[in-house]
Amino acid sequence: MAWTDNLDGEVLTRLCNCRSRKSDIEPLVNAKWLSMVEAGKDKRGFTKEDALVDVMDLLDCNGQFFDLTADEYQELCT
């Protein structure tokens, strides 16, 4: 199962078309984190912050840069 299987259809469509919105970051991080937990990565020291970093890297590779405030970053890590 791919981590993107945990995404809502609209969020997935925007991701695939490199048109993600800032509001998509939270569901993207949650889907990525869920797949990491299912794979047992949380037991090996990975955190939700790792999921956030992965998502931000992916969005950057898609040519999308979102500047998060420190508060937004912290919220997404919890």
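In case you missed it, the structure is sitting above this.
Bear in mind that the values here come from a model prediction, so they are computed numbers and not experimental data.

Asker: Any chance you could explain the overall build of the protein chain here in plain terms?
Answerer: A tally of regular secondary structure across the protein chain gives 4 helices and 0 strands. What you see in the protein chain, going N to C, is helices and strands ordered as α-α-α-α. Its C-alpha atoms give the protein chain a radius of gyration of 12 Å, near enough to 12 Å, the size a compact globule of 78 residues would have. Viewed in the frame of its principal axes, the protein chain has a C-alpha envelope of about 35 × 30 × 20 Å. Taking all 78 residues of the protein chain together, 33% fall into the buried category. Summarising the internal contacts of the protein chain: among those between residues at least 6 apart in sequence, 52% fall at separations of at least 24. Surface exposure of the protein chain reaches about 5,000 Å², of which carbon and sulfur atoms provide 49%. Charged side chains of the protein chain number 9 positive and 16 negative; the gap between the two group centres comes to 4 Å.

Asker: In this structure, what is going on with the pattern of salt bridges? I would like to understand it.
Answerer: Working definition: two side chains of opposite charge can pair if their charged atoms are close together. For the coordinates displayed, the defined rule picks out 3 salt bridges. Of the charged contacts, one joins aspartate 24 and arginine 14 as a salt bridge, the two residues approaching to 2.7 Å between their closest N and O atoms. In this pair, aspartate 24 sits in the loop between α1 (9-16) and α2 (25-38) while arginine 14 sits in helix α1, placing the two residues 10 residues apart along the sequence. Neither aspartate 24 nor arginine 14 differs from the other in exposure class; each is buried. For glutamate 72, the salt bridge identified is with lysine 22, shortest N-O distance 3.1 Å. Separated by 50 residues along the polypeptide, glutamate 72 in helix α4 (residues 70-76) and lysine 22 in the loop between α1 and α2 bring together distant segments of the chain.

Asker: What is the right way to look at the nonpolar core in this model?
Answerer: The nonpolar side chains of soluble globular proteins are, as a tendency, buried together. If you look at the biggest cluster of nonpolar residues, it comprises 18 residues, and the most contacted ones within it are Leu7, Ile25, Leu28, Leu52, Met56 and Leu59. Taken together, the elements giving at least two residues each to this core come down to α1, α2 and α3 (48-61). Residue contacts for leucine 28: discarding those within four places in its chain leaves Trp3, Leu7, Val11, Leu15, Ser20, Val55 and Leu59.

Quick notes on the rules
- Residue positions are counted from 1 within each chain, in the order its sequence is given.
- In view of the model being predicted, local features appear only for residues whose pLDDT reaches at least 70, and side-chain atom pairs are presented and counted only at 80 or more, with totals across whole chains, interfaces and linings using the full set of residues.
- Working from all heavy atoms in the structure, the side-chain values ignore hydrogens and water.
- Counting from the N terminus, the helices are DSSP H or I runs at least four residues long and the strands are E runs at least two residues long.
- Note on method: radius of gyration uses C-alpha positions; expected globular size equals 2.2 Å times residues raised to 0.38.
- To sort residues, take the accessible area from a 1.4 Å probe on protein chains only and compare it with the maximum for the residue type: under 20% means buried, over 50% means exposed, and anything in between is partly exposed.
- For this analysis, residues touch if any pair of their heavy atoms sits within 4.5 Å.
- Here the open area of atoms and residues is found with the Shrake-Rupley method and a 1.4 Å probe, where only the protein chains shown may cover a residue.
- For the purpose of counting charges, residues Lys and Arg are taken to be positive, whereas Asp and Glu are taken to be negative. His and the chain ends are not included.
- Charge placement uses NZ in Lys and CZ in Arg. For Asp and Glu, CG and CD serve respectively.
- When a carboxyl oxygen of Asp or Glu lies within 4 Å of a side-chain nitrogen of Lys or Arg, that pair is called a salt bridge.
- Residues enter a nonpolar core if they are buried and are Ala, Val, Leu, Ile, Met, Phe, Trp, Tyr or Cys, with the set joined through side-chain atoms within 4.5 Å.

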